[in-house]
Amino acid sequence: MEILSKRMGNIAALSKDFSAAFSKHRTNVSQLSEANKKVEELQFLLCLPEKLRALVEQKNYEEAVKIYLKAQPSLLLYNDIASISDVYSEAITIMETVEEQLKQVVFDCLISSDELSEAINLLLKLGVQSSTIYYNFVENCKRNLTDQLTAMRTPKQAMDSLIQLMDSLMNEFEEIVRMRFLVETNAPECAIVVRALDHFYRYMSSCELILGTVYFPLNISMLKIVSRHEIEFVQRQLVEHVGSSLQQIQDELTSSEASFSNTSALNDIVSRLEHFFLVQIRTALASLLFFTASDTTFSSLYQDRDFFKYN
């Protein structure tokens, strides 16, 4: 124990000697430490513009605002130094750009609420008045809403103009097609007429579906006009053919060379007349039945009573 106590005494004595030896350098060490901190601070300030530009390019506005606000007290403290004053001016210019870009974020009403909240908070940290931020945001919302409503209205106006143009063209088209149908006077070509009419009907129905306008009355009008024309034409043809047949029989009866004194000769004439009449009726009906063929688009309309209500 005596030896241990002696050693502890020696250690205490050495500690006092070391403390006395370093006490005169302690002030110098403290001064060096403070100087080192100032050097690091100055290095940080000198590199500040470069860091800010890099963060702005990355659109990392939060970090840019953070390090700028951290450096601002030192920039103000050493602003009397020419090099630091230049750094401060450059930093202010960069942060003005950051402020403008943050305002643009606030003014954009299509961004998310998180981005909007962050941008507003950063602007407030940079000292921008809250009333200015909120006013500009509301005004921009109004403008964007107006632009969107205008954009929504413009296609409708364009569509209305297109529909008006199509209506005019359709009326002209209907007139041309109708006149072309009405000049058709060849009974055997009735099938071709019906096919052409079916194409017209499907074309008009497609335009109605695409444009959202109503061409059904025009379609019905065309069907009624053409079908009536074909009926009247077939009727005239039937009357002409029957009349021609009757005239032929009349000529035979009045001919001096013919003898119809017996019943068989008269029966033969009646039989021929009946056969001819039936053939003409069947031919006429066969032509008109093309209008109600199952493979035509409008065939079902002729079975609808409402079809005959359209003029």
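Throughout what follows, the structure given in this document is the object of discussion. Everything numeric in this text was worked out from a predicted model, so none of it was measured.

Considering only enclosed or pocket space, the second largest pocket measures out at about 180 Å³ in volume. Around the second largest pocket, the lining residues are Lys-59, Asn-60, Tyr-61, Glu-62, Leu-102, Val-105, Glu-115, Glu-118, Ala-119 and Leu-122. Looking at the lining of the second largest pocket, the elements that each hand over two or more residues are α3 (61–77), α4 (82–107) and α5 (113–125). Looking at the lining of the second largest pocket element by element, the count peaks at four residues for α5. In terms of residue class, the lining of the second largest pocket is made up of five nonpolar, one polar and four charged.

Let us look at the packing of helix α2 (residues 48–57) against α3. A pair of packed helices is characterised by two quantities: the angle between their axes and the separation of those axes. Close contact between α2 and α3 brings their axes to 9 Å; oriented N to C, the two are set at 160 degrees. It follows from the interaxial angle that α2 and α3 lie roughly antiparallel. Crossing hand, α2 versus α3: left-handed. In contact with Leu-48, Lys-51, Leu-52, Leu-55 and Val-56 of α2, α3 contributes Tyr-61, Glu-63, Ala-64, Ile-67, Tyr-68, Ala-71 and Leu-75. When the residues that make up the contact of α2 with α3 are grouped by side-chain class, the tally is ten nonpolar, no polar and two charged.

Per the stated rule, a full pass over the model turns up two salt bridges. Among the salt bridges present, the one from Glu-90 reaches Arg-53, with a minimum N-O distance of 2.4 Å. Placement of the pair is Glu-90 in helix α4 and Arg-53 in helix α2, with a sequence separation of 37 residues. Two residues, Lys-103 and Glu-99, come together in a salt bridge whose shortest N-O distance is 3.4 Å. Here Lys-103 and its partner Glu-99 are both found in helix α4, four residues apart, which amounts to about one turn of the helix.

This part is about the nonpolar core. Counting residues in hydrophobic clusters, the biggest one holds 29 residues, and the most contacted among them are Leu-48, Leu-52, Leu-75, Val-98, Leu-102 and Val-106. When residues of this core are traced back to their parent elements, those giving at least two are α2, α3, α4 and α5. Here this core takes nine residues from α4, the largest share from any one element. If we skip the residues at most four places from it in the chain, Leu-75 touches Leu-45, Leu-48, Ile-84, Val-87 and Tyr-88. Formed by 19 residues, the second largest nonpolar core is a distinct cluster that contains Cys-207, Leu-218, Val-226 and Phe-298.

The rules behind the values
Residues numbered from 1 in each chain as written. Predicted model: local features only at pLDDT ≥ 70, side-chain atom pairs only at ≥ 80, totals over all residues. Heavy atoms only, no water. 1 Å grid on protein atoms, 1.4 Å probe; cavity = no way out; pocket = protein on both sides within 12 Å on 5 of 7 lines; lining within 4 Å. Points joined across faces, edges and corners; volume = space filled by probe spheres on them. Helix = DSSP H or I, 4+ residues; strand = E, 2+ residues; numbered from the N terminus. Nonpolar A, V, L, I, M, F, W, Y, C, P; charged D, E, K, R; others polar. Axes fitted to C-alpha atoms, helices over the stretch in contact; angles between N-to-C directions. Parallel < 35°, antiparallel > 145°, perpendicular 65-115°, else oblique. Left-handed = near helix turned anticlockwise from the far one by under 90°. Contact = heavy atoms within 4.5 Å. Salt bridge = Lys/Arg side-chain N within 4 Å of Asp/Glu carboxyl O. Core = buried A, V, L, I, M, F, W, Y, C linked by side-chain atoms within 4.5 Å. Buried < 20%, exposed > 50% of the residue type's maximum accessible area, 1.4 Å probe, protein only.

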